[in-house]
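One-letter residues, chain by chain:
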Amino acid sequence: MRLVSTVFLMLFAVQLVAAQEPKPAQSPEEAAMMQAWMQFATPGEPHKKMQQMVGVWDSTIKMYMDPGAPTESKGTSTYTSLMDGRYVQEVAEGVFNGMPFHGLGIYGYDNLKKKYVSLWIDNMGTGLMVGTGESPDQGKTVNWTATSSDPMLGKESTYHSVVKEITADQFTFEMSGPGPDGKEMKMMEMTYTRRK
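As a starting point, this report considers the structure included with it. Being a predicted model, the structure only gives us computed values, none of them experimental. (Residues numbered from 1 in each chain as written. Predicted model: local features only at pLDDT ≥ 70, side-chain atom pairs only at ≥ 80, totals over all residues. Heavy atoms only, no water.)

**Thoughts on the nonpolar core**
The following threshold applies: Definition of nonpolar core: a set of buried residues of the types Ala, Val, Leu, Ile, Met, Phe, Trp, Tyr and Cys, connected through side-chain atoms within 4.5 Å. A 1.4 Å probe rolled over the protein chains alone gives each residue an accessible area, and that area as a share of the maximum for its type sets the label: buried under 20%, exposed over 50%, partly exposed in between. We count a stretch as a helix when DSSP gives it H or I for four or more residues in a row; a strand needs E for two or more, and each element gets its number in order from the N terminus. Contacts were defined at the residue level, with two residues in contact if any of their heavy atoms lie within 4.5 Å.
Membership of the largest hydrophobic core comes to 24 residues, with the highest contact counts inside it found for Tyr-79, Phe-173, Met-188 and Tyr-192. Mapped by element, the contributors of at least two residues to this core are β1 (55-63), β3 (87-96), β4 (99-110), β5 (115-122), β7 (141-150), β8 (155-167), β9 (170-178) and β10 (184-194). With residues up to four places along the chain from it excluded, the contact list for Phe-173 reads Ser-161, Val-162, Val-163, Met-188, Glu-189, Met-190 and Tyr-192.

Right, here's the structure in full:
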């Protein structure tokens, strides 16, 4: 027991001395690299704006499978903050074509690209929808372009969507993509209202 205590004290003393030794100064290259990483990793105004979505939202969904006769359903989305305010996660629940719908989205803002970024998955497919977005008004409106596998056309397709803040407690989402003939058409329109 005495031997174990002596070894422990020696190791502690070595660590204490090592901690007190001055660290070598960073080279200019190392300092520049560290600064670049810190700028890339630090949340900014776009991230703060996205955090305002945290909460539970009720949604009304219109699907335009037949442009002349859209179908309407209700859903719920729960937004939570991820990675110390760097991302927002959406968990969506609803009904699609009479079947239960479950979706999950991750949204962020890439400081290097200076663009919003997104990833979406749901139980209606096995692919990933990956998108980037830009805002003309500090995040109140975000215009998205995303790509995803399209089983109807048998290839990857491009989709466009717009998220628009109406008030602090309401926003809209509209998405268009290739229709049965391959031409772009309005596919979906959603209104979200914050649950109080």
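**Observations regarding the pairing of β4**
For the record, the criterion: The criterion for strand pairing is that DSSP finds at least two bridges linking the strands in question.
Sheet topology note: the β3/β4 ladder contains 10 bridges and is antiparallel. Looking across to β4, one finds that Gly-94 is bridged to Phe-101. Pairing between β4 and β5: eight bridges, direction antiparallel. Among the inter-strand pairings, Asp-110 is bridged to a residue of β5, identified as Lys-115. Linking β4 back to β5 in an antiparallel pair, the connection comprises four residues, with Lys-114 at a positive phi of about 60°.

**Focus: the pairing of β8**
Where β7 meets β8, 10 bridges bridge the pair, whose relative direction is antiparallel. Bridge pairing links Thr-145 to His-160 in β8. Here β7 folds back onto β8 in antiparallel fashion, the turn holding four residues, of which Gly-154 has a positive phi close to 70°. Two strands pair when backbone bridges link them, and β8 and β9 are joined in this way by seven bridges, in the antiparallel orientation. If you follow Val-163 over to β9, its bridge partner there is Phe-173.

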